[in-house]
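What follows is the residue order along each chain.
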Amino acid sequence: MARSNATADTSCGFHLHLDFNTWSYDGLRRFITLAAPFYSKISRLVHSSRIRATGGYCASRSISEFTSDLNNATDIDSLARVQRNRYHWMNLASLGRHRSIEIRVHHGTIRSDEVLTWADFWTKLVFYAAKNKSIRHPSRITDTYINSIIDNLGLHPLTKQRFESNNPQWIGYRESR
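Residues numbered from 1 in each chain as written. Predicted model: local features only at pLDDT ≥ 70, side-chain atom pairs only at ≥ 80, totals over all residues. Heavy atoms only, no water.

A. Main features of helix H3 (residues 63-71). Turning to H3, its buried residues are Phe66, Asp69 and Leu70. In an axial view of H3, the angular spread of the buried residues amounts to 95°, which keeps them on one side of the axis. Residues Ser64 and Asn71 are exposed on H3 and point more than 90 degrees away from its buried face. At its buried positions, H3 is contacted by helix H1 (25-35), helix H4 (76-81) and strand S3 (90-91). (Buried < 20%, exposed > 50% of the residue type's maximum accessible area, 1.4 Å probe, protein only. Helix = DSSP H or I, 4+ residues; strand = E, 2+ residues; numbered from the N terminus. Arc of directions from axis to C-beta. Contact = heavy atoms within 4.5 Å.)

B. Highlighting the packing of aromatic side chains. Counted according to the given criterion, the structure contains nine aromatic pairs. With 4.8 Å between their ring centres and 85° between their planes, phenylalanine 20 and tryptophan 23 make a pair best called edge-to-face. When sorted by exposure, phenylalanine 20 lands in the same class as tryptophan 23, which is buried. For the ring pair phenylalanine 20 and phenylalanine 31, a centre distance of 5.0 Å and an interplane angle of 50° mean the geometry is tilted. Placement of the pair is phenylalanine 20 in the loop between strand S2 (13-19) and H1 and phenylalanine 31 in helix H1, with a sequence separation of 11 residues. One exposure class covers both phenylalanine 20 and phenylalanine 31, and it is buried. Pairwise contacts between aromatic rings join Phe20, Trp23, Phe31, Phe38, Tyr39, Phe66, Trp89, Trp118, Phe121 and Trp122 into one cluster. (Phe/Tyr/Trp six-rings, centres within 6.5 Å; stacked < 30°, edge-to-face > 60°.)

C. Structural detail: H1. For H1, a buried count of eight out of 11 residues is recorded, marking the element as mostly surrounded by other parts of the structure. Within the span of H1, buried status applies to Tyr25, Gly27, Leu28, Arg30, Phe31, Ile32, Leu34 and Ala35.

Structural data, given as structure tokens:
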């Protein structure tokens, strides 16, 4: 894409759908419980235009808001309805239509290494949630705790390097006109 002079700007986002078509409600709860605390880490890896508390196309949600979502749902269909719209960094509304969870927080990119490392991370997190039937977080989520999970995901070295650097490079990215 870079060779064809393609660009991405703040009007673009890279959305990744994670297929949960065959998962049980308990499995989905486990994945959401595991994934929600990663927002603080992944928000450092994406362009600042993607990080907003409210509004925009990928509003943040706190761990307590995700916990509330889980407590207000009784099955997959009700879980798909707990968010008022799809414009959250972790979109649960797509469960109703596609039986997927949509990760909306990544900035638009033309870099294949960003796409591949992002997909590697989320795929491994899904597998981790599937394998580990009792996921419980400590009362206080710290970078040390998040890094311990990252260490156990079996990430590709480039993915691990990206997470450890906390310093993404915005090659081919520009502010919207």
